[in-house]
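Coordinates in review
Chain by chain, the residues run as shown.
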Amino acid sequence: MASYTIRYKVMITSYEENNNRSGGGGGGDDDEIGVSSLKRKRKEWSWWPGVGDDLNLGDTYRELTPFVKASGATILRTLSLQLFLASTTAFLGHSSVVPEVDLAAHQVLKQLYIVLSFAMDAIAIAAQQMVASSLSDKATTSQAEAEARVTADRILLWGACAGCLFALALLFEGDAAVRLLTSSPDVREAATPLVGRVLAPLQVVSSLVFVGDGILQGSQDFKYEAVAMIAASLFAGGSLLLADQGMKPEDYSALNVIWASIALLQFFRLGAFVNRYFVNGPLCDNSEEGAPASYVSKEDDGT
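From a predicted model like this one, the values you see are computed outputs, not experimental measurements. (Residues numbered from 1 in each chain as written. Predicted model: local features only at pLDDT ≥ 70, side-chain atom pairs only at ≥ 80, totals over all residues. Heavy atoms only, no water.)

1. Some points on the nonpolar core
The condition that has to hold: We call a set of buried residues a nonpolar core when its members are Ala, Val, Leu, Ile, Met, Phe, Trp, Tyr or Cys and they connect through side-chain atoms within 4.5 Å of each other. Exposure is judged per residue with a 1.4 Å probe applied to protein chains only, and the accessible area is read against the type maximum: over 50% gives exposed, under 20% gives buried, and values in between give partly exposed. Starting at the N terminus, helices and strands are each numbered in turn, a helix being any DSSP run of H or I of at least four residues and a strand any DSSP run of E of at least two.
Ranked by internal contacts, the top residues of the largest apolar core, which has 57 residues, are L109, I215, L255 and W259. Taken together, the elements giving at least two residues each to this core come down to α1 (57–95), α2 (99–137), α3 (141–181), α4 (185–218), α5 (222–246) and α6 (254–280). In terms of residues, this core owes the most to one element, α4, which gives 14 residues.

Listed below in C-alpha cells is the structure:
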C-alpha cells in the first residue's frame with residue numbers, strides 16, 4: 001500500500017493595527033494606542049518532505065540510484081551470509097548424533113566468535129571512514145589512491161595485530177571462556193577442543209576479512225563485496241552438502257564439519273579480498289581507472 005508523507009508548513013503573519021482615540025476637550029493628549037495581533041495560518045503540502053511543486057522525478061531517480069545500488073548489494077551480501085549460517089544450524093540439527101549437546105556447543109562457540117567479531121567491527125567501521133576520506137580529500141585521483149592505499153595498509157596491520165591478540169587469548173583462556181558460558185559438562189567437552197583448534201586461528205583470518213570489508217566499503221566497492229560473499233556462501237554451503245551426502249552421521253562430528261565450513265567461508269572471503277586489493281581493485285597500484293567515479297576530480301576528467 002502506497003503511503004504518502006504530507007508536510008504541513010504553518011506560516012504565521014502578524015500585523016499591528018493602531019487605533020488612536022482622542023479624548024473630548026482640553027489640551028491634553030489623551031490618545032491611547034490599542035494593538036491587536038491577528039494570526040493567519042496558511043497550510044501547504046507536498047507529496048515528498050522538503051520538495052515543492054517543482055519535483056523532478058528524473059533528477060530524484062539519478063540522485064537515489066547510487067544509494068539504491070549500494071543498499072541492494074549490502075542486502076544481498078547480508079542475506080547470503082545469514083542463509084549460510086542458518087544452513088549450518090539446520091545441518092547440525094539433522095545430522096548430529098546428539099543434536100542437543102552439539103547445538104548448545106555451537107551456540108557457545110558462535111557467541112564467542114560474535115563477541116570478537118563486534119570488537120573487530122570497531123576497526124572495520126573506522127576503515128570505511130578513513131579510506132573514504134582519503135579518496136575524497138586529494139586533488140587528483142592518483143593522489144587519492146596513493147593516500148587511501150597507505151591508510152588501508154596501516155588499518156590491515158592493526159587488524160592483523162588485533163586478530164593475533166584475540167587468537168592468543170582464546171588459546172590460553174578458551175577453556176575459561178567456555179566455562180563462563182555454560183555449566184554443562186557435555187557441552188564443555190564438545191566446545192572446548194574447537195576453541196583452540198578452529199576458533200583461535202580463525203581470528204587472524206576473520207580480522208583481515210572484516211577490515212577488508214571496511215576497506216571495500218570505503219572505496220564504494222559494494223558490488224564486488226556482495227558477489228564475493230554470495231560465492232563464498234555457496235562454496236562453504238556446498239561443503240556441507242558433500243559431507244551430508246558422502247558420510248554417515250555416526251562417522252563424523254557434525255560440529256566439526258560446520259565449523260570447518262565456516263573456516264572455508266572466511267578463507268574464501270579473504271582470498272576474494274586479496275584478489276581485489278592486490279590484483280584488479282580500485283586501490284591497486286597498477287589500476288589505470290583509479291578511484292570510483294564519485295571521487296574523480298575536475299583535474300582528472302579534463303573539465
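2. Concerning unusual backbone geometry
Despite not being glycine, Q220 shows a phi value in the positive range, around 60 degrees. For Q220, the location among the structural elements is in the loop between α4 and α5.

3. Some words on the side chain of S206
Applicable threshold: Any two residues whose heavy atoms approach within 4.5 Å are treated as being in contact.
With respect to the helices, strands and loops of the structure, S206 is situated in helix α4. For S206, the contacting residues outside a window of four places in its chain are Y113 and Q266.

4. Some thoughts on the UniProt feature "transmembrane region" (unreviewed entry) in the protein
To keep it simple, the criterion reads: UniProt positions are given in the numbering used here, feature names are shortened, and annotations may be inferred rather than shown by experiment.
With numbering matched to this structure, UniProt assigns "transmembrane region" (unreviewed entry) to residues 74–92, 112–135, 155–174, 224–242 and 254–272. As annotated, residues 155–174 has a helix share of 100% and a strand share of 0%, and its two end C-alpha atoms lie 27 Å apart. Across residues 224–242, the secondary structure splits into 100% helix and 0% strand, with the terminal C-alpha atoms separated by 27 Å.

5. Let's talk about α3
This is how it is decided: Helix span is expected to be 1.5 Å times the residue number reduced by one. Bend at a residue means the angle formed by two fitted axes: the first through the 7 residues ending at that position, the second through the 7 residues beginning there.
Helix length check: α3, at 41 residues, gives a terminal C-alpha distance of 50 Å against a target of 60 Å (1.5 Å per residue), a shortfall beyond 12%. The sharpest bend along α3 measures roughly 75 degrees and falls at E173.

6. A word on the packing of α3 against α4
Let me state the cut-off plainly: Axes here mean lines fitted to C-alpha atoms, for a helix over just the part in contact, with angles spanning 0 to 180 degrees between N-to-C directions. Each angle gets one of four labels, with under 35 degrees taken as roughly parallel, over 145 as roughly antiparallel, 65 to 115 as roughly perpendicular, and the rest as oblique. By definition, turning the near helix anticlockwise from the far helix through less than a right angle yields a left-handed crossing, and turning it clockwise yields a right-handed one. Note on residue classes: Ala, Val, Leu, Ile, Met, Phe, Trp, Tyr, Cys and Pro are nonpolar, Asp, Glu, Lys and Arg are charged, and everything else, Gly too, is polar.
Axis separation between α3 and α4 bottoms out at 8 Å; the angle between their running directions is 165 degrees. In terms of their interaxial angle, α3 and α4 are classed as roughly antiparallel. Two packed elements cross with a definite hand, and for α3 against α4 that hand is right-handed. Tallied by class, residues from the contact of α3 with α4 come to 18 nonpolar, 8 polar and 3 charged.

7. Examining the packing of aromatic side chains
What counts, and what does not: Pairing of aromatic rings covers Phe, Tyr and the six-membered ring of Trp, with a centre-to-centre limit of 6.5 Å; geometry is then stacked below 30 degrees between planes, edge-to-face above 60, and tilted otherwise.
Enumeration over the complete set of coordinates arrives at 4 aromatic pairs. Ring geometry for Y113 against W259: centres 6.0 Å apart, planes inclined by 75 degrees, an arrangement best described as edge-to-face. Remark: W259 occurs in helix α6 and Y113 occurs in helix α2; sequence separation between them is 146 residues. Overall, the relative accessible area of 11% leaves Y113 in the buried class. Taken together, a centroid distance of 5.4 Å and an interplanar angle of 35 degrees make the contact between F235 and F268 tilted.

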